[in-house]
Structures are given as C-alpha cells and as structure tokens.
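# Structural features, examined
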Number of protein chains: 2
Amino acid sequence: MTDFSEWFHNILEEAEIIDTRYPIKGMHVWLPQGFKIRKYTLKILKEILDEDHEEVLFPLLIPENELAKEAIHVKGFETEVYWVTHGGLTELNEKLALRPTSETAMYPMFSLWVRSHTDLPMKFYQVVNTFRYETRHTRPLIRVREITTFEEAHTAHASREDAAKQVENAVEIYKTFFNILGIPYVVTKRPEWDKFPGADYTMAFDTLLPDGKTLQIATVHNLGQTFAKTFDITYETAEGAHEYVYQTCYGLSDRVIASVIGIHGDEAGLFLPPEIAPYQVVIVPIIFKKGSEEVMEFCRNLEKTLKSKGIRVHFDDRDIRAGKKYYEWEMRGVPLRIDVGPRDIANKKVVTVRRDEKEKEIVDFKPENIAEDVKSILDDVTRNMGDKSWKSFNNEVRSVETLEEASEKISKYNGIISFGWCGDEACGKELEEKINVDILGIQGEIEDGNVCINCGKPAKHVALIAKTY
Amino acid sequence: MTDFSEWFHNILEEAEIIDTRYPIKGMHVWLPQGFKIRKYTLKILKEILDEDHEEVLFPLLIPENELAKEAIHVKGFETEVYWVTHGGLTELNEKLALRPTSETAMYPMFSLWVRSHTDLPMKFYQVVNTFRYETRHTRPLIRVREITTFEEAHTAHASREDAAKQVENAVEIYKTFFNILGIPYVVTKRPEWDKFPGADYTMAFDTLLPDGKTLQIATVHNLGQTFAKTFDITYETAEGAHEYVYQTCYGLSDRVIASVIGIHGDEAGLFLPPEIAPYQVVIVPIIFKKGSEEVMEFCRNLEKTLKSKGIRVHFDDRDIRAGKKYYEWEMRGVPLRIDVGPRDIANKKVVTVRRDEKEKEIVDFKPENIAEDVKSILDDVTRNMGDKSWKSFNNEVRSVETLEEASEKISKYNGIISFGWCGDEACGKELEEKINVDILGIQGEIEDGNVCINCGKPAKHVALIAKTY
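Bear in mind that the values here come from a model prediction, so they are computed numbers and not experimental data. (Residues numbered from 1 in each chain as written. Chains lettered and ligands numbered in written order. Predicted model: local features only at pLDDT ≥ 70, side-chain atom pairs only at ≥ 80, totals over all residues. Heavy atoms only, no water.)

Regarding its fold elements, chain A presents 14 helices and 23 strands. Structurally, chain A occupies a C-alpha span of about 80 × 55 × 50 Å along its principal axes. Of all 469 residues assigned to chain A, the portion counted as buried reaches 58%. Counting 60 positive and 78 negative side-chain charges, chain A places the centres of these two groups 6 Å from one another. (Helix = DSSP H or I, 4+ residues; strand = E, 2+ residues; numbered from the N terminus. Buried < 20%, exposed > 50% of the residue type's maximum accessible area, 1.4 Å probe, protein only. Lys, Arg positive; Asp, Glu negative; His and termini not counted. Charge placed at Lys NZ, Arg CZ, Asp CG, Glu CD.)

A few words on the interface of chain B and chain A. Between chain B and chain A, the contact holds 54 residues from the first and 54 residues from the second. The largest contributions to the chain B side of the interface with chain A come from Tyr22, Leu57 and Pro59 of chain B, which together make up 14% of the buried area. Counting the contacts that link chain B with chain A gives two salt bridges. Notably, a salt bridge pairs Glu54 of chain A with Lys36 of chain B, separated by 2.8 Å at the nearest N-O pair. Summed over the shared surface of chain B and chain A, the number is 17 residue pairs in polar contact (both at pLDDT 80 or more). Broken down by element, the side of chain B that touches chain A gets its largest block of residues, six residues, from strand β5 (residues 82-87) of chain B. With five bridges connecting them, strand β5 (residues 82-87) of chain A and β5 of chain B associate as antiparallel partners. What sits directly across from Tyr82 of chain A, in β5 of chain B, is Gly87 of chain B. (Contact = heavy atoms within 4.5 Å. Buried area = accessible area lost by both parts, 1.4 Å probe. Salt bridge = Lys/Arg side-chain N within 4 Å of Asp/Glu carboxyl O. Polar contact = N/O pair within 3.5 Å; in protein donor to acceptor, adjacent residues only side chain to side chain. Pairing = 2+ DSSP bridges.)

So, about the sheet that holds strand β4 (residues 61-63) of chain A. Ordered in space as β4(A)-β6(A)-β5(A)-β5(B)-β6(B)-β4(B), the six strands form an open sheet in which the pairing is antiparallel. With partners counted over all chains shown, the strands left at the sheet margins are β4 of chain A together with β4 (61-63) of chain B, one partner each. Shown here is a sheet whose adjacent strand axes are inclined to one another by a mean of 45°, direction ignored. Judged from the four bridges that link them, β5 of chain B and strand β6 (residues 90-98) of chain B form a sheet pairing that is antiparallel. (Axes fitted to C-alpha atoms, helices over the stretch in contact; angles between N-to-C directions.)

A separate point is the pattern of salt bridges. Per the counting criterion, the structure on display carries 76 salt bridges over all chains. The closest approach of N and O atoms between Arg190 of chain A and Asp206 of chain A, which form a salt bridge, is 3.0 Å. A residue pair is termed long-range when its members are at least 10 positions apart, and Arg190 of chain A in the loop between β9 (186-189) and β10 (201-208) and Asp206 of chain A in strand β10 qualify at 16 residues. Pair check on accessibility: Arg190 of chain A and Asp206 of chain A agree, each one buried. Among the ionic pairs, Lys429 of chain B bridges to Glu425 of chain B, the shortest N-O distance being 3.4 Å. Placement of the pair is Lys429 of chain B and Glu425 of chain B together in helix α14 (residues 425-434), with a separation of four residues, close to one helical turn. Judged by its relative accessible area of 38%, Lys429 of chain B is partly exposed. Take Glu425 of chain B: its relative accessible area is 38%, and that puts it in the partly exposed class. Bridged by salt links that share partners, the residues Glu16, Asp316, Arg318, Lys325, Glu328 and Arg332 of chain A form one connected network.

Across the junction of Leu120 of chain A and Pro121 of chain A, the peptide omega takes the value -5°, indicating a cis bond. Structurally, Pro121 of chain A is set in the loop between α5 (103-113) and β7 (122-131). For Asp232 of chain A, which is not a glycine, the phi torsion comes out positive at approximately 55°. The phi dihedral of Asn436 of chain B falls on the positive side, at around 55°, and the residue is not glycine. The residue Asn436 of chain B is located in the loop between α14 and β24 (438-445) in this model. Classification of Asn436 of chain B by relative accessible area gives exposed; the value is 53%.

All names here are of chain A. Here we have five strands laid out as an open sheet, ordered β16-β15-β17-β18-β19, and mixed in their pairing. Two strands close off the open sheet at either side, each with one partner strand: β16 (313-315) and β19 (360-364). Ignoring which end each strand starts from, the neighbouring axes of this sheet average 25° apart. In the sheet, strand β17 (residues 336-340) pairs with strand β18 (residues 349-354) via four bridges, with the strands oriented antiparallel. Looking across to β18, one finds that Ile338 is bridged to Thr352. The strands that helix α12 (residues 370-395) touches are β15 (281-285), β17, β18 and β19; relative to β18, the one it contacts most, it runs at about 20°.

Bringing the relation of the copies chain B and chain A into the picture now. Superposition record for chain B on chain A: RMSD 0.0 Å, screw rotation 180°, translation along axis 0.0 Å. Here the symmetry operator amounts to a two-fold rotation axis. Relative to the rotation axis, the closest C-alpha in chain B is found at Val84 of chain B, a distance of 2.1 Å. Here 100% of the interface residues in chain B have copies in chain A that are interface residues too; the copies meet face to matching face. (Least-squares fit on C-alpha atoms with pLDDT ≥ 70 in both.)

On to the side chain of Ser253 of chain B, then. Within the secondary structure, Ser253 of chain B sits in strand β14 (residues 246-253). Discounting residues that sit within four places of it in the chain, Ser253 of chain B has contacts with Ile147, Thr149, Phe150 and Ile217 of chain B.

Attention shifts here to the packing of helix α9 (residues 292-308) of chain B against helix α12 (residues 370-395) of chain B. Residues and elements named next belong to chain B. One way to put it is that α9 packs onto α12 with a least axis distance of 9 Å and a crossing angle of 70°. When the axis of α9 is compared with that of α12, the two are roughly perpendicular. Here the hand of the crossing between α9 and α12 comes out right-handed. For the pair α9 and α12, the contacting residues are Leu302, Thr305 and Leu306 in the first and Ile370, Ala371 and Val374 in the second. In the contact of α9 with α12, the residues fall into five nonpolar, one polar and no charged. (Parallel < 35°, antiparallel > 145°, perpendicular 65-115°, else oblique. Left-handed = near helix turned anticlockwise from the far one by under 90°. Nonpolar A, V, L, I, M, F, W, Y, C, P; charged D, E, K, R; others polar.)

As a further point, take the nonpolar core. With 86 residues, the main nonpolar core has Leu61 and Leu98 of chain A together with Leu61 and Leu98 of chain B as its most contacted residues. Apart from residues no more than four positions distant in its own chain, Leu61 of chain A is found in contact with Val84, Leu96, Ala97 and Leu98 of chain A together with Tyr22, Ile24, Met27, Leu98 and Phe131 of chain B. (Core = buried A, V, L, I, M, F, W, Y, C linked by side-chain atoms within 4.5 Å.)

Here we take up the packing of helix α2 (residues 32-49) of chain B against helix α6 (residues 160-181) of chain B. Residues and elements named next belong to chain B. Orientation of α2 relative to α6, taken along the N-to-C sense of each, is 150°, at an axis distance of 10 Å. One finds that α2 runs roughly antiparallel with respect to α6. Taken as a pair, α2 and α6 cross one another with a handedness that is right-handed. When α2 is examined against α6, the residues Thr41, Ile44, Leu45, Ile48 and Leu49 are found in contact with a partner set consisting of Ile173, Tyr174, Thr176, Phe177, Ile180 and Leu181. Taken together, the residues that form the contact of α2 with α6 break down as nine nonpolar, two polar and no charged.

The next subject is the domain arrangement of chain A. Residue and element names in this part refer to chain A. We note that the domain assignment places domain 1 (4-264), domain 2 (281-377) and domain 3 (397-466) within chain A. A separation of 41 Å is found between the C-alpha centroids of domain 1 and domain 2. Taken together, the contact between domain 1 and domain 2 spans six residues of the former and four residues of the latter. Taken as a group, Glu14, Ala15 and Tyr40 account for 72% of the area that domain 1 buries against domain 2, more than any other trio of residues on that side. Where domain 1 touches domain 2, the interface holds one salt bridge. A salt bridge links Arg332 to Glu16; the nearest nitrogen and oxygen atoms lie 3.1 Å apart. (Domains from an automatic or database assignment.)

Where two aromatic rings form a pair, the distance of their centres and the angle of their planes describe that pair. Throughout the structure, instances matching the rule amount to 48 aromatic pairs over all chains. Relative to Trp390 of chain B, the ring of Tyr185 of chain B lies with its centre 5.0 Å away and its plane at 80°, an arrangement referred to as edge-to-face. Here Trp390 of chain B lies in helix α12 and Tyr185 of chain B lies in the loop between α6 and β9 (186-189), a separation of 205 residues in the sequence. For Trp390 of chain B, a relative accessible area of 25% translates into the label partly exposed. Three or more aromatic residues joined by ring pairs make a cluster, and in this case those are Tyr174, Phe177, Phe178, Tyr185, Phe205, Tyr250, Trp390 and Phe393 of chain A. The ring of Trp83 of chain A has Lys95 of chain A sitting right over it, with the charged end atom 4.3 Å from the ring centre. Stacked on the ring of Tyr469 of chain B, the Lys or Arg Lys213 of chain B has its end atom at 4.6 Å from the ring centre. (Phe/Tyr/Trp six-rings, centres within 6.5 Å; stacked < 30°, edge-to-face > 60°. Lys NZ or Arg CZ within 6 Å of the ring centre and 35° of its normal.)

A few words on the UniProt feature "domain: Aminoacyl-transfer RNA synthetases class-II family profile" (unreviewed entry) in chain A. Per the UniProt record, "domain: Aminoacyl-transfer RNA synthetases class-II family profile" (unreviewed entry) is annotated on residues 36-273 of chain A. A distance of 13 Å separates the end C-alpha atoms of residues 36-273 of chain A, which is 31% helix and 33% strand. (UniProt positions renumbered as here; feature names shortened; annotations may be inferred.)

Here it is as structure tokens:
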C-alpha cells in the first residue's frame, strides 16, 4: 500500500461503502454494502453488551442549560458543538445542542432513575449519531462531523471500587469485540491532559493504520462522582444514608469500521472478517459449452444448502468472464470463493479460494457436510486474519532507551514507541514537542533503576508514543 | 378504558416504555422495555423491506440550499424545520436543517447514482430520527418533535406505470406489516389539499385508537417527476435518450408502536403481540413449603428448553407473592404465562394462562413437545388479537346517507364514517367545517345514482371522514 490515504478513499468508493459526495463537509452516506458491514459489526457488539447492559435511546438534542451544567465538560466541547437556534420561523427560547456525546442528556434522567442501592449497578447503552464541528481536515469514518455510529455505555455504581471494576470490565468487553474483528490494539491510561473532560481517568484503545499512525478506537472513562454531583445522582444506602453514585462511560464509533478496512485490506482491495462480510461466500460457475446447465443447477443447490445453514452466500450467475468476477469479489473482500466446473462435479469436488491465501484448494464435496466444511474454513480465515494483523502490529511496537532512538525510529517507521517516562506533565509535553509525537498514555509501572528518556529523572511508567490520527 | 389519553400516558410510564420527563417538550427517552418492543417491531419491518430494498443511511443535516430547491416541498415544511446555525462559537456560512424527512437529502445523491435504465428500479430505505417543530399539543409516540423511529423508503423508476405499481407494492408491504401486528386500518387516497408536499398523490393508512379518533400510521406517495426535475435525476433509455425518473416514497413512524399499545391494551395494561413482546412467555413457580426446590428446578429446565427453541422466556423466581407477579406481567403485556406447582409436575401437566383469555388451561407436559405447544399457543394468540381488533375496528366504520346522519354518528361514537362525495375541494372543506371532522380520503369509486351528502351533486367517490389525531 503505497499511499494509505489514497487507497482508503478509493476502496470506500470502489467497494461502495461510503459516498463522500454529500453536500456537507464531513458528513457522508452509508451505501448498501457499507451499511451491511456496519449492521453485522453492530450485531456483534450488541450481543456482547446485551449480556449485562440495557439498550435505551435518548433524544438527540440537549438544552444549553443542561450541557452547561458541568463546567469542565462543556469547556471540553464548546468549540465543537452544533447549535439549533430556530424552530420553523421562530427563534427558540433556549438553544439546543446536537449531542457531541450524551452525558448531559442522560444524567438528568439518571438522577430521576436511581433511588436505592438496589437499583445499582445500572448499565445502559445506546447506539446513536453524534456531532462534532470539526475544524481539522475530515476523513470518512475517521474524522467526521456526523459520527453516524456512536456506541456509548453509561453505568452507575454504589462504590468507587465498583466503578473501577467496571472500567476493567469495559476494557475486556472491547478486547473481546476487537479480537473477533482481528483488530490489534494497545490499551493505555491517557495522560491527565488528554483525558475525557470531566473524567477521573481515561483508558483508551489505539490501533495502527497501515501508514504507521495510531487511531484511537475506543475509550473507557472512570467519571468518579463529578457528574453525580453536578446532576445530583444519589442513592439511598442500606443504612438509609444518601450518597452520590460513581459513574463510568465508554464508547466507540465508525472508526472500528475504518480500522477493519485499513488493517485487513491489501492491494487487491477489501478483506472482511467473515463475521461482518455481507457475503461470506461467493459461488462462481466455471462454464464451458458442454454441461453448463448441470453446473448452474449444482451451484443453485449449493447456494441453497449453505443459505439454509445460515451462511451468507451469493451465487454469481452473471454472464461475464469468471476472471472479472474473481477480481470484483476479491476487491469487495469476500472471505471465501467456491468455483464449480463440470469436471469438479464429476469428481465430487469443489474448488475453494480463500481471500487470504489466494490459492486453490480442492475440497471433497458431500452435500451433508459442505456447510460445516465451509464454516470451518471461515473460522480458520478469521483466526488467520487476527494472527496476521497482531503479528504485524507487534512488529510495529518498538522499545527504546533514549530520546534520540525514539526520534529516529519514529522518523523511520512511525509505529508505536515504548519508553520509560517520569510521568510529569511538563516533561511529557516537552517530549511531545521535541520529537513531534503524541503520548498515547501509560501502559504500566516500571522497575526501579530506569530513567525517563526525556528528563533523566527516575522513570515511573512504561509509556507509549506515536504519530496519531 | 374510560379516558384513553390518561390510560396511554400511564401505561407508557408503568410498563417502562417511554420516559416523558426529558427536559425538552415533545422529545422523550426510550426505556429498556420500550426499546425492545421497538427493536422487534423494526425487525419485522426490515425483514419485509429487505426482500427487495437496500438499507442505507443518509446524514441528518440538510443544507438550506438543497431543502429550498423544491418550492412546494419546502413550503409544506417551513414552519416545522429546526435550523442549526452555529458550529462551536462560529456562525455557519449556510444554515443546516434537521431533516423533517429525507427527500432533499437523498435526491441530490440519486442524481449522481442513477445513470442508465439498467439501474432502475432503485429501492432504498432508511430508519432514522426526524424532527418537526410541532406547535400543537405533543403526545408521546403520536405527536412528537423528535420522531425517533422514522422508516422512509425512496424508489426511482423508468416509467409512470412502474411508479404507480410501486405505490401498490408499498401499500401491500404495509398491509403485511400491520397484519402481523394486528393493527386494523383503512387505506385511502388523501384529498388534494392533504397530500404530501410535492407528491402527485398520497395513499394513507389510518387506524382507530380507543377514543374513536383516527391516527395516520403510514403514507405512500407517488412523486411523479416533480423531484426528478428539481434534482435532475435522469437516466439513459435503451435507445440512448435521457429521461427523468419517476419516484415514490413511503414511510411510517413510532405511531405504529402507539397503535399496538392503544389497540391491544386493556384495563389490565399492555397486551403485546408475541412477535414484538420482550418476553413472550413468563414462568411463575407456585411454591408451597414442600417440594419447592423441585418446582424451581423444573422451571429452570423449562426456561432452558423454551429458550433453546428461540422463545423469549423469563423465569420469574423472585420471592414475592404469585399474585403480584401475575399482575405485573399482565400489565407488561406478556402474551403467555405458565404456572408450575408441585402437583402439576407430579401429573406431568403445566398450567397456561393466555393474556387474551385469562383462563387457566391444563396442558400435558412433554419436554420434547413443549416448545412447539407454546409456539402454537402464541400463534393462536396472534391470530386472536388480529381477529378481535379487526372486528372492533369494522364495527366503528359506519356508512351514512345524509350529512345529518354523519354528524350524529360522529358526535355519538366518533369512529369512521363512509359516505358518497362529489370530490370537489370546496365542498369537501365546507363539509369538514360543518360537522367538524377531517376527510381521510377516498376509498373507491361509486355507482351512478348516488349524491354527495353535502352538496347534492352526483357522488363520484366513497369517502371517509373521522375525528383525527
């Protein structure tokens, strides 16, 4: 991939995922193929969340007065909020914000909902569109003004420990989700100056795009009691006292789809994990003059058999060259192709071609086993995608001992640099400026004896830096 | 139901469907139970549409310049559109409308997408939130400012005939959908003055709420070439000429859920069609001191068995009186309850109580058959709900010969009045005013010899009037 940015833009168009020609900058249209990828991706996420969260849906608009209640929070968003000021021909009494995120929409209601310790924990989530008046260069699915797919979970707990535990649970939830999609990541605790406005601390997932820059793909925030105090969310303890709840929130967005596309794609185009591929299998008939009706009939039956077992399969019976079909389905990222010719039928075989290996394999065809055989190939494709992306990701995480080394590696490869850091804000910001990177955050504590690569004081943390999106 | 309005408001709260306390008038929160009902309702609708439509997702915001392009259309919405005028601290160069509906968002893109007659027909739909600055009295799910569930389909065709045919197809689609939910309806062609702004003609579905007022629950519009000309949507014919497409659009909203709730509910609360009930079956253990662990174990197994067959079942093992459980699940509309006591287990029986009949029935319990037995009861509940609601609906449609009779029946019963009408706009509006009703529309042509009940001229149409929401 010589130029990732160009490749990404082209594949969104060629594979009919997103149309970027909508007449507002940073707002795009999900095309049918893209919409299906989005749908199956959300299905996975919701199945995980539904295990112990309840799905809800809050209004898009937030009264100015609610948004402004939590001062630190509103400060963090003030340059990014879209404002509705008129209804019809009338000026509204109070401006309404398009949600940039939903804390200030939800928490006034939480204040009504939470009554007793028996109501806790409360775990809700919603999947909605959110808006950011983005002044930087926009990029479909990565930096947009309408985030069309924003999953945000919000929880309330009786104790600080429970909230901290929920942060860990949420990290596990997103790990599970990204693992299914074969998206590799690092999890760090964001530095103080980069945490969510209003949070005690923020844990974040970053992945790497093929250009070696990191992309933040999920965040988990421990909100402590900040919002509880602002929005008066209290509960009655077993002893009859009234206490503020402890809260967490966590979310992810369209960027998941950008990552899947960027990380698994190659020169031939998309490569979709079977779980989210609109078609998991495409059947291509290899037709000669003789026996063509027999082949078509065989393919139709094969399609029916696979479909009946829940496999998303498409029989491509168009009257065009097989080579053109191969090219197209490869570009669209279909994980498995099955070719069927008259000789294969005679030999009770079919030919399978995996999107990852691109080599033909001859498979024994037994009608009663074929669906299981296909599923087992698809599972192997999924595993292989994850193995490959993690291997390549791990190669791009480099440990350094000095600032010079960090600077050199970043200039040469981009990627993620791991180093010893004292943890001071002033030092961190200086370091960021010196070698023109961002500190992603800290990954863990460090043993005694190491020194900070910037200031030379004792290093407290293993920290990560990268060029970021 | 003495006061429908009060009943409706109470049940939304008690059954935890919608929270109306959100701090913006006409904008509400979907609670977990309500969200599930909405989810299963959308699942049915999408399965029908997915047969020959592609799902897409367009941006929420529409530039003023696009919205204003189609003059008749914008005139129809000008008092209802919310406007975004600021991004962050900056005034926008161009005002952005929150979509009241998506013609003017979609059709500029259609103009890019439609190229050749081979692209046609094109059939897209999306499910989104839309906004109307409603100045009338708002009512949850019925008249709101954020319509959270707006399904809108948009199609393009090569000929006037194809578009007219699609209108008929869409009417069939919605009939299928409403029939699954047991929502009775009349379909009429709306009078000229009540058609969709920009449409050639509008077909509409109206149902009746328990207070005898009609509620519009779906509309289907033949747009002719109006928008095609405004947005320059043309295709190349087989002969190489360039022609404007013919378009249709059709949609429905949250009002479907309002109708399900209003039509099937009763004094005991909700009654949900099994297809959309969050729990289709609730199992209640009848526990005495002796044998209680045996009962609990039996119930747990029963729950597992039913779940494994795809039935949404809940085992209510709370330590409260069975009577309280009955009351609660009845109020929440669960279509089927299964009671299990120690004697039942000994006799290899279970007791079923349908939400519609409320009488106990003894059912033979065979583990291998129980799921099928339950499904067959649920199917019968569904049928019975439809039969009952249609019967009651048909009783409320009354045919009259004179204006006095119409006026009398409306005053006495509300409901729908069928009558002979000349079809003239002036006469229609006079009639509406005289007896304080709305003309829903025309249902069909009329035989010779009848006269219009208002003006006495020859009646051309069978028309319907009602008090409307």
